[in-house]
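A look at the structure
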Amino acid sequence: MPHHLGAVYRELFLPPMNRTMRLLDRSFFRKRIELTAANVFEIKNISRVKNECAHDVLDAPRIKPLLTIPWEHEKERILLLLKPDIKINGMTYEILTRESELMSIFADYSTHSNKIKWFLREEWMRLVPHTLDLTYDHWTYDEILTAVLPGSLGSPVRSYQPVGHIGNMLLKPEFHPHRHIIAQVFLDKTPQLKSIVIKPLPEPGADPSLPQPPMEHLAGDPSTVVTLQEARCKLTFDYAINDYSQDLIHAHKILIASFGESKHIAIAEVDAGVGQLTFPAIRSKILVHANNPSPANHAALISNIPPTTATACEPRAAAFVHATNLPVRDFIPAAIRNLLARSLDPETNQVLWPLPHVNPKKPPPIPRVYKFPMVFSHFVISHQAGGMKILDAFRGSYAGLGISERLMPMIHVYAYHTSRLPKIARNDFINEVRVGLKFPIDEEEVSVECVILGGKQKSLHRVSFRLPRKLATTRAGRKIK
């Protein structure tokens, strides 16, 4: 008969079920399975027996079929576990372990392949019973949850994001009553995590200055302070109260690479969060105006700025960052005027970058000088800052400053879209830009790039365009000519 691990035998190795369980009881998950094992007498014959009896050897997930166990009358026993349908002919464990009778007993040949029969007749091995003990640690996250959750609801997790030692797990609404047991099992089966929480993501377009839904701790270490190394920068923040998006790591890397390295680039972040873009930009010698409408995010950003007493081979990071805590609509005109004022003031219009003093016998090298430009090269707006809805704040932002001949900044807006079709996403984003600016920007002037392609979730895009000069230099309330 063909020996394969069919549906009946697969169920044999699954955990016991208890769909009334609400708090995890690990001791409940135990199972003893009685199997037949081939005891190979000579070590040199193990490979041949295993290969030629491959269709008879147990092939169950996470169970090693070859065992070496101590034995009373021998130094050790080498056992090869066989599939559950291979039986020993009605003999009890006690009879079979009597050495005097063991070799004379023939097993139930009806369940044996020709290869097993041959190895038994040639006395290469004997069949013995073996008890396989499975516990909670053996089964996977999916197997445990299948045993305790209602069977008709499907997968419980809508999205998952690791942040340091914390895992943020967003569940489908129907699984909310089971959230604690789901979180505990996930934590047990994910050793790199120490804590599981539910932190709802801010809705696109929500006012970032308003309190966000609170985070709920479900399992593990209650500490929510994390330290991450991201783009060679150290970020420390409290995940319970600070905004952090793993999606933006790759997006920011691409964006900074597009800036290039220049002594005269300044960027403005409308909602900088904990500094995911701020600090990598500094490493690329970019001057940054970093705003946070949230006081908690502003405090975290300030605390992550390296001390001004940096070593000689590192920048004085504090001088490269101008951090503010303003509503997003107030920040845009304020940042434009602040940068212009700093660029015109000899006391504040440059930053010195010390170079390494390698040879003490020579005078220290002259520091590099980075001058503040009059105009930002880029504005970056995250989806959490309101996205397209705040674009009208740029209207008249450069009016009356006497710099209308200068090149206007690029605006980069991060936004999510549910469609995976580029043409549909692009058309929708162009319409949103026009509505947000209240200005008929040309389609060719808008670039849309998908930076994170979602599966069943939304995909993250970066929508980029140059601020129209007419819109930026015409005061609010006046007609744009």
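Residue positions are given per chain, counting from 1 as you read along its sequence in written order. With pLDDT at 70 or above as the cut-off, local features in this predicted model cover only qualifying residues; side-chain atom pairs require 80 or more to be listed or tallied, and sums for whole chains, interfaces and linings still use all residues. To get the side-chain values, all heavy atoms of the structure are used, and hydrogens and water are removed first.

**Overview of the packing of aromatic side chains**
Put simply, the rule is: The criterion for an aromatic pair is that two Phe, Tyr or Trp rings (for Trp, the six-membered ring) have centres within 6.5 Å, with stacked assigned to planes under 30 degrees apart, edge-to-face to planes over 60 apart and tilted to the rest. Counting as a charge over the ring demands two things of the Lys NZ or Arg CZ atom: a distance within 6 Å of the ring centre and an angle within 35 degrees of the ring normal.
Evaluated as defined, the whole model comprises 11 aromatic pairs. Through a chain of ring-to-ring contacts, three or more aromatic side chains come together here, namely Phe-28, Phe-29 and Tyr-136. Sitting above the plane of the Tyr-136 ring, Lys-189 keeps its charged end 4.3 Å from the centroid. Directly above the aromatic system of Tyr-239 lies the positively charged group of Lys-199, at a separation of 4.3 Å from the ring centroid.

**What to know about the pairing of strand β16 (residues 378–381)**
Put simply, the test is: Here the term buried applies to any residue with accessible area under 20% of the maximum for its type, exposed to any over 50%, and partly exposed to those in between, with areas from a 1.4 Å probe on protein chains only. Each helix corresponds to a stretch of at least 4 residues labelled H or I by DSSP, and each strand to a stretch of at least 2 residues labelled E; elements are numbered beginning at the N terminus. Between any two strands, at least two bridges found by DSSP are needed for them to pair.
Side chains His-378 and Val-380 project from β16 onto one buried face, and the interleaved Phe-379 and Ile-381 project onto a second face that is buried too. Of the pairings in the sheet, the one linking strand β11 (residues 266–269) to β16 comprises three bridges and is parallel in character. Each bridged residue has a counterpart across the sheet, and for Glu-269 the counterpart in β16 is Val-380. Of the strand pairs in this sheet, β16 and strand β17 (residues 410–417) are connected by four bridges, and their pairing is parallel. Each bridged residue has a counterpart across the sheet, and for His-378 the counterpart in β17 is Met-410.

**Topic: the nonpolar core**
Buried together is how nonpolar side chains tend to be arranged in soluble globular proteins. Convention followed: Here the nonpolar core consists of buried residues drawn from Ala, Val, Leu, Ile, Met, Phe, Trp, Tyr and Cys, with membership extended through side-chain atoms lying within 4.5 Å. In this description, contact between two residues means that some pair of their heavy atoms is separated by no more than 4.5 Å.
Ranked by size, the top nonpolar core spans 80 residues in total, and within it Phe-237, Phe-376, Phe-379, Leu-391, Phe-394, Tyr-398 and Ile-411 carry the most contacts. The leading source of residues in this core is helix α12 (residues 328–344), at seven residues. Those residues within four positions of Phe-379 in sequence are excluded, and the remaining contacts are Ala-268, Val-270, Ile-332, Ile-336, Phe-394, Tyr-398, Pro-409, Met-410, Ile-411 and His-412. Counting 38 residues, the second largest nonpolar core, distinct from the first, contains Ala-37, Val-148, Val-185 and Ile-196.

**Quick look at the sheet that holds strand β1 (residues 30–40)**
In plain terms, the rule: For helices, the fitted axis covers only the stretch in contact; all axes are lines through C-alpha atoms, and the angles between them, taken along N-to-C directions, range from 0 to 180 degrees.
As summarised here, the arrangement of the four strands in space is β2-β3-β1-β4, forming an open sheet in which the pairing is antiparallel. The sheet terminates laterally at β2 (66–69) and β4 (125–135), the two strands that pair on one side only. Geometrically, the sheet is characterised by an average inter-axis angle of 40° between neighbouring strands, direction not taken into account. One ladder, built from 11 bridges, connects β1 with β4; its direction is antiparallel. Note that in β4 the partner of Arg-32 across the bridge is Asp-133.

**Some points on the side chain of Asp-243**
As a reminder, the rule being used: Polar contact is defined as a pair of N or O atoms within 3.5 Å, subject to the rule that within protein one atom must be able to donate a hydrogen and the other to accept it, and that residues adjacent in sequence are counted only when both atoms are side-chain atoms.
Among the secondary structure elements, Asp-243 is positioned in the loop between β10 (233–238) and α8 (247–259). There is a polar contact of 2.9 Å between the side chain of Asp-243 and the side chain of Asn-297.

**A word on helix α13 (residues 422–437)**
What counts here: Here, expected helix span is obtained from the residue count minus one, scaled by 1.5 Å. Summarising the geometry, the arc corresponds to the directions from the helix axis toward the C-beta atoms.
Counted at 1.5 Å a residue, the expected span for α13 with its 16 residues is 22 Å, and the 22 Å between its end C-alpha atoms agrees. Within the sequence span of α13, burial applies to Ala-425, Phe-429, Ile-430, Val-433, Gly-436 and Leu-437. The arc enclosing the buried residues of α13, seen along the axis, measures out at 130°, which places them on a common side. In α13, the exposed residues that point more than 90 degrees away from the buried face are Lys-423 and Val-435. At its buried positions, α13 is contacted by β17, β18 (446–452), β19 (459–466) and α14 (469–473). In the segment just after α13, Lys-438 is the residue with positive phi, at about 60°.

**Describing the pattern of salt bridges**
Selection rule: A pairing counts as a salt bridge when a side-chain nitrogen of Lys or Arg comes within 4 Å of a carboxyl oxygen of Asp or Glu.
Summed over the entire model, instances satisfying the criterion amount to nine salt bridges. The salt bridge partner of Lys-115 is Glu-52, with a shortest N-O separation of 3.1 Å. Of the two residues, Lys-115 is situated in helix α5 (residues 114–121) and Glu-52 in helix α2 (residues 46–52); the sequence distance between them amounts to 63 residues. On the basis of relative accessibility, which here comes to 30%, the residue Glu-52 falls in the partly exposed class. Here Arg-179 and Glu-216 are joined by a salt bridge, their closest N and O atoms 3.0 Å apart. Of this pair, Arg-179 sits in helix α7 (residues 179–188) while Glu-216 sits in strand β8 (residues 216–220), and the two are 37 residues apart along the sequence. Looking at Arg-179, the relative accessible area reads 17%, which means it is buried. By relative accessible area, which is 24% here, Glu-216 ends up partly exposed. Because the salt bridges share partners, they merge into one network encompassing Arg-48, Glu-52 and Lys-115.

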